[in-house]
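# What the coordinates show
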Amino acid sequence: MAPASTRPTSRDVARAAGVSQAAVSLVLGDKWRGRVAEATAERVRRAASELGYRPNLAARNLRLGRTRTVLLVVPALTTEFFAGVYTGAARVAAEHGFGVVLYPSPEGVGPARNPFASAQAALDGVIASSMAADALTAIRGEALPLVMLDSDPEGSLGAATVNLDIADGVRQVAGHLLGLGHRRFLHLAADVPSWTFEVRARELAASVGAVPGGSVRTVRAPISIEDARAATEAALAAPGPRPTALVCDDDKLAAGAYKALRRLGLRVPDDMSVTGLDDLALATAIDPELTTVRLDAELFGERGMRALLAVLDGRTPEGGDIPVELVVRGSTGPPRAS
């Protein structure tokens, strides 16, 4: 054991684990796979823990030319979803000796002021939501190692993309409502220029359009309860047969739709079935509780950070979209017989 009065060194860890200092550096720098046996890596980690050893990150950063700081660019934090993304990313970052700086675009979407004199000097990489992609231009984030979240893999700015399987989530919603007998749909779409919302519109139209008699009418609204209320009221005042199912791009839009339906004297789900997407805390705060699609925000953040670490190490990030889950609650039911 190292004397209590002195800070343990990597040499102490190597001696305690019976390995070389180079092996200690590989294991604690998380570069051991394929070079050090797993049992040896575990022995090194245990020795470091027992000795209370902490790498001198400042010295290592100077040596590597890294700041070990990552920027997470998200829309304004108006829901807990992106807080969950941050939690997941920060957890993985901490396991690898990185810190995450959260950068919410002040206007939600669109350009934002650059908080750094030089992003390239202050950061090792960027993880960015496609909903806040314009903020990248302010910080010149596209010039850094970049992972895009919820972004078109075919046209992404990033070295890697990490996506939730939103298309499957919308197919699950449509299948649920079609199975209940709904054919006339109103789509309350988020008025946000983002790939993830384009996917929702495309998949809903395809799923409903594949069924005889299926139709979708679309109305757009910014992601706010009052805008959603106003858009829903206007859409339902339009002439023609009233839709029986209202599919919302987001739980907050669904909450606004609830307000509109109540003002119009329509009951959920007796007169109108309503669905959301996100499964925010809001989904169980409204009455009846909202049928929605659960997105694992923390896993999303974890996968984003792991993808960036892979890019920084010259590895291929894990592929495949993150599964999502339809959660059926009280806001959906069969349409009222005509």
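What you see is a predicted model, and the numbers here were worked out from it, not measured in a lab. (Residues numbered from 1 in each chain as written. Predicted model: local features only at pLDDT ≥ 70, side-chain atom pairs only at ≥ 80, totals over all residues. Heavy atoms only, no water.)

## A short note on the sheet that holds strand β8 (residues 245-248)
Strand order in the open sheet made by the four strands is β7-β6-β8-β9, with parallel pairing throughout. Looking along the sheet, the strands with just one partner apiece sit at the ends: β7 (215-221) and β9 (273-275). Adjacent strand axes in the sheet meet at a mean angle of 20° when their direction is disregarded. Taken together, the seven bridges between strand β6 (residues 184-190) and β7 define a ladder with parallel strand orientation. Bridge assignment links A190 to a residue of β7, and that residue is A221. The strands that helix α10 (residues 225-236) touches are β6, β7 and β8; relative to β7, the one it contacts most, it runs at about 140°. (Pairing = 2+ DSSP bridges. Helix = DSSP H or I, 4+ residues; strand = E, 2+ residues; numbered from the N terminus. Axes fitted to C-alpha atoms, helices over the stretch in contact; angles between N-to-C directions. Contact = heavy atoms within 4.5 Å.)

## Looking at empty space enclosed by the protein
Applying the stated criterion across every chain yields a total of one cavity of 30 Å³ or more. Each pocket or cavity is described by its volume, and for the largest cavity that value is around 50 Å³. Forming the walls of the largest cavity are V170, V173, H187, R200, V247, C248, D249, T275, G276 and L277. Put simply, the parts of the chain that give the lining of the largest cavity at least two residues each are α8 (166-180) and β8. Across the lining of the largest cavity, the residue classes break down as five nonpolar, three polar and two charged. (1 Å grid on protein atoms, 1.4 Å probe; cavity = no way out; pocket = protein on both sides within 12 Å on 5 of 7 lines; lining within 4 Å. Points joined across faces, edges and corners; volume = space filled by probe spheres on them. Nonpolar A, V, L, I, M, F, W, Y, C, P; charged D, E, K, R; others polar.)

## As for the pairing of strand β3 (residues 125-129)
Of all five residues that make up β3, five are buried, and the element is covered over most of its length. Because side chains alternate across β3, one face comprises the buried residues G125, I127 and S129, and the other comprises V126 and A128, equally buried. Relative to β3, strand β1 (residues 69-74) runs parallel, the two sharing four bridges. Residue V73 lies in a different strand from β3, and its bridge partner there is A128. (Buried < 20%, exposed > 50% of the residue type's maximum accessible area, 1.4 Å probe, protein only.)

## Quick word on the pattern of salt bridges
All chains considered together, the criterion is met by 19 salt bridges. The salt bridge involving R229 is made with E226; its shortest N-O contact spans 2.9 Å. Of this pair, R229 and E226 both sit in helix α10, three residues apart, roughly one helical turn. Judged by its relative accessible area of 14%, R229 is buried. Judged by relative accessible area, E226 falls into the partly exposed class, the value being 38%. (Salt bridge = Lys/Arg side-chain N within 4 Å of Asp/Glu carboxyl O.)

## Brief notes about the packing of helix α5 (residues 81-95) against helix α12 (residues 297-312)
The contact between α5 and α12 brings their axes to 6 Å, and the two run at 40°. Judged by the angle between their axes, α5 and α12 are oblique. Classified by chirality, the crossing of α12 by α5 is right-handed. Residue-level contacts link F81, G84, V85, T87, G88, A89, R91, V92, A93 and E95 of α5 to A297, E298, F300, G301, E302, M305, R306 and L309 of α12. The residue inventory of the contact of α5 with α12, partitioned by class, reads nine nonpolar, four polar and five charged. (Parallel < 35°, antiparallel > 145°, perpendicular 65-115°, else oblique. Left-handed = near helix turned anticlockwise from the far one by under 90°.)

## Points about the confidence of the model for the protein chain
Put simply, the protein chain has an average pLDDT of 86, and 84% of its residues get 70 or more. Note on residues 1-5: pLDDT is under 50 here. Beyond four places in sequence and across chains, it has five contacts. Confidence drops under pLDDT 50 across residues 57-65; counting only partners more than four residues distant or on other chains, this segment forms eight contacts. (pLDDT = per-residue confidence, 0-100.)

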